[in-house]
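Next come the chains, spelled out residue by residue.
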Amino acid sequence: MKKSKFAYSMMAVVLSSALVGGNALAETMTSKTENAADTAGAKIDSSVNKVSNYMGDSAVTAKVKSALVDDDAIKSTDISVDTTNGVVTLSGFVASQAEADKAVAAAKKVEGVKSVSDKLHVRDAKEQSAKAYAGDTATTGEVKAKLLADDIVPSRNVKVITTEGVVQLTGTVENKAQSDRAESVAKAVDGVKSVKNDLQIKP
């Protein structure tokens, strides 16, 4: 009978230890699960914010383009619009400084625009012939092809506009070496008179 009581007592101790250990393990697992959930939640929130920012920037870009098209004093076909975190960059060529100022003013009025970076250049000539335009289109295509084939330049982030043989490079690159490389690639293309390098280096 004493042996039986002793055996029961030992079993009770073992069971209670197991329960305590199980509770501790459960708490540890719960804590780890909560931490993992928090981390995953933070990652999801970050991704959602990035997508939201991208969608917001795309909408702002579309609105700015629409505003430029609606203004008869602005030749919007030669203006490129890019938005990053609400900051709008206008690049390309305009007939006069007055037209550039109007484009910047129109962009600033658009809802969601935090600020406007003016990278517009005034054309040297007042009128551009159809032949010159066709030549510029071909030059732009060739510069883009050369940049695409280059291993150093992140070509998908670089925009190219050509007016009367003058090539303007806009967009973002990771360092000065990429910026210099893009400029030298563009300068080497036949038909390019000069290159205006307005590439921005990522902070």
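The rules we used
Residues numbered from 1 in each chain as written. Predicted model: local features only at pLDDT ≥ 70, side-chain atom pairs only at ≥ 80, totals over all residues. Heavy atoms only, no water. Helix = DSSP H or I, 4+ residues; strand = E, 2+ residues; numbered from the N terminus. Expected span 1.5 Å × (residues − 1). Buried < 20%, exposed > 50% of the residue type's maximum accessible area, 1.4 Å probe, protein only. Arc of directions from axis to C-beta. Pairing = 2+ DSSP bridges. Axes fitted to C-alpha atoms, helices over the stretch in contact; angles between N-to-C directions. Contact = heavy atoms within 4.5 Å.

Caption draft 1: Geometry of helix 2 (residues 97-108). Counted at 1.5 Å a residue, the expected span for helix 2 with its 12 residues is 16 Å, and the 17 Å between its end C-alpha atoms agrees. All buried positions along helix 2 are accounted for by E99, A100, A103, V104, A106 and A107. Looking straight down helix 2, one finds that the buried residues subtend no more than 160° of arc, so they occupy a single side.

Caption draft 2: Representation of the sheet that holds strand 1 (residues 79-84) in the model. The strand order across the open sheet built from three strands is 1-2-3, with neighbouring strands paired in mixed fashion. The open sheet has two edge strands with one neighbour each: strand 1 and strand 3 (115-122). Neighbour-to-neighbour, the strand axes of this sheet turn through a mean angle of 10°, independent of strand direction. Helix 2 rests against strand 1, strand 2 (87-94) and strand 3 of the sheet, and its axis sits at about 160° to strand 3.

Caption draft 3: The arrangement of the pairing of strand 4 (residues 158-163) in detail. Extensive coverage of strand 4 is indicated by the burial of five of its six residues. Of the strand pairs in this sheet, strand 4 and strand 5 (residues 166-173) are connected by six bridges, and their pairing is antiparallel. Across the sheet, I161 pairs through a bridge with Q168, a residue of strand 5. Taken together, strand 4 and the strand that follows it, strand 5, pair antiparallel across an intervening segment of two residues, in which E164 is found at a positive phi of about 50°.

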